Amino acid sequence: MLRGKTAVVTGSTSGIGLAIAEALAAEGANLVLNSFTDSAEDRALADRIAATHGVGAIYCRADMARPEDCASLVAAAAAAFGPVQVLVNNAGVQHVARIEDFPPERWDAIIAINLSSAFHTIRAAVPGMREAGWGRIVNIASAHGLTASPFKAAYVAAKHGLLGLTKTVALELAETQITCNAICPGYVRTPLVEGQIADQMKAHDMGREEVIREVMLERQPTKQFVEASAIGAMTVFLCSDAAAQITGAPLSIDGGWTAL
Ligand code: NAD
């Protein structure tokens, strides 16, 4: 479905971003993987995706906290494979602290990485999408784009902001063949989350299932994690012709969290 199209996924060396990259590559897209690191493993990941799916794939180091890196990521992708037509803004970080203790530099970093980077990449990619006459922008928000939790001021503010950006871009591009949507996951099973389960088992002196139900998934009514591959599948659907009339939408995939 996406054979020959250029796809960029920010923050795609692990977790949800990597699952989205795999799903897009499986549809034939040429992939640009990204993180802020520059290691042999990062490049090996791109080689593996290329070999597995028979697509072009490169790794591009760019720090999503830096506006100039966001623009250069889009430029590097276009130079490698042609104009970016699928842009997934996934890079994100978290910090948990009471508002009065929240370090201002963590606030600035979270707003930069989780929100402003999407503005900078979209700004850089839209001219190429307009020229190509087709594009898909998918912003990975969160259930925290729709609801709040205490101690997550910057994350919740950034994800709410990302939904505002999504709607605005969708309206500006409504009469083109370019859509802009947001996916709002609940708790997703990622390597990071797996690590948290082990920590919480120790902290609460509980078994694995009890920690998952009572601590980790306290707010997720299904009491099941979302699988990262399901976010990949939802992204692929948003890239399909069937999704041509979905734009400006926050799409929840949260086991009922925001139905509460
Ligand atoms: P993760 O930590 O596994 O992956 C984050 C990725 O972003 C990594 O590849 C990391 O290297 C990259 N990254 C971090 N800072 C960066 C920077 N400055 N520049 C470039 N890349 C950077 O996290 P994840 O759980 O896969 O989360 C991915 C996205 O999904 C985030 O936006 C997160 O807010 C969102 N999300 C996650 C969950 C969940 O339960 N895991 C739920 C809702 C939303």
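This one's a predicted model, so the numbers in the text were calculated from it and none came from an experiment.

Novice: A description of the domain arrangement of the protein should follow, citing residues and the corresponding values.
Specialist: Reports of interface size often rely on the accessible area that becomes lost once the parts have come together. Considered domain by domain, the protein is made up of domain 1 (6-187 + 226-252) and domain 2 (189-224). The partner domain 2 presents eight residues to the seven residues of domain 1 that form the contact.

Novice: Provide a residue-level description of the site of the ligand, including the pertinent values.
Specialist: Around the ligand lies a shell of 27 residues, among which Gly11, Gly15, Ile16, Met64 and Gly92 are the nearest. Of all the elements in the fold, those that place two or more residues in the shell around the ligand are α1 (15-26), β2 (30-35) and α6 (191-204). Considering every element that reaches the shell around the ligand, the biggest residue donor is α1, with three residues. Here the shell around the ligand is composed, by residue class, of 13 nonpolar, 13 polar and one charged. A domain-level breakdown of the shell around the ligand finds at least three residues from each of domain 1 (6-187 + 226-252) and domain 2 (189-224).

Novice: Talk me through helix α4 (residues 104-132); I want residue IDs and the actual numbers.
Specialist: Each turn of an α-helix holds 3.6 residues, which means side chains three or four residues apart point in the same direction. In this model, α4 (29 residues) spans 41 Å end to end at C-alpha, consistent with the 42 Å of a helix rising 1.5 Å per residue. Two residues or fewer past α4, Gly133 is found with a positive phi of approximately 80°.

Novice: With reference to specific residues and values, describe the UniProt feature "domain: Ketoreductase" (unreviewed entry) in the protein.
Specialist: Per the UniProt annotation, the sites labelled "domain: Ketoreductase" (unreviewed entry) are residues 5-177. Each end of residues 5-177 is marked by a C-alpha atom, and these two atoms are 15 Å apart; helix forms 52% of the span and strand 16%.

Novice: Describe in detail the environment of Arg136, supporting the description with residues and values.
Specialist: Among the secondary structure elements, Arg136 is positioned in strand β5 (residues 135-140). Residue classification places Arg136 among the buried residues on the basis of 26 C-beta atoms within 10 Å. If we skip the residues at most four places from it in the chain, Arg136 touches Gln85, Val86, Thr179, Leu238 and Cys239.

Novice: Can you lay out the nonpolar core for me, pointing to particular residues and giving the numbers?
Specialist: Membership of the largest hydrophobic core comes to 73 residues, with the highest contact counts inside it found for Val8, Leu24 and Leu31. Looking at which element gives the most residues to this core, the answer is α4, with nine residues. Residues contacting Val8, with those up to four places away along its chain left out, are Val32, Asn34, Leu73, Val74, Ala77, Val84, Leu87 and Val88.

Cut-offs used in this document
Residues numbered from 1 in each chain as written. Predicted model: local features only at pLDDT ≥ 70, side-chain atom pairs only at ≥ 80, totals over all residues. Domains from an automatic or database assignment. Contact = placed C-beta atoms within 7 Å. Near = placed C-beta within 6 Å. Helix = DSSP H or I, 4+ residues; strand = E, 2+ residues; numbered from the N terminus. Nonpolar A, V, L, I, M, F, W, Y, C, P; charged D, E, K, R; others polar. Expected span 1.5 Å × (residues − 1). UniProt positions renumbered as here; feature names shortened; annotations may be inferred. Buried ≥ 20, exposed ≤ 12 C-beta atoms within 10 Å, placed from the backbone. Core = buried A, V, L, I, M, F, W, Y, C linked by C-beta atoms within 7 Å.

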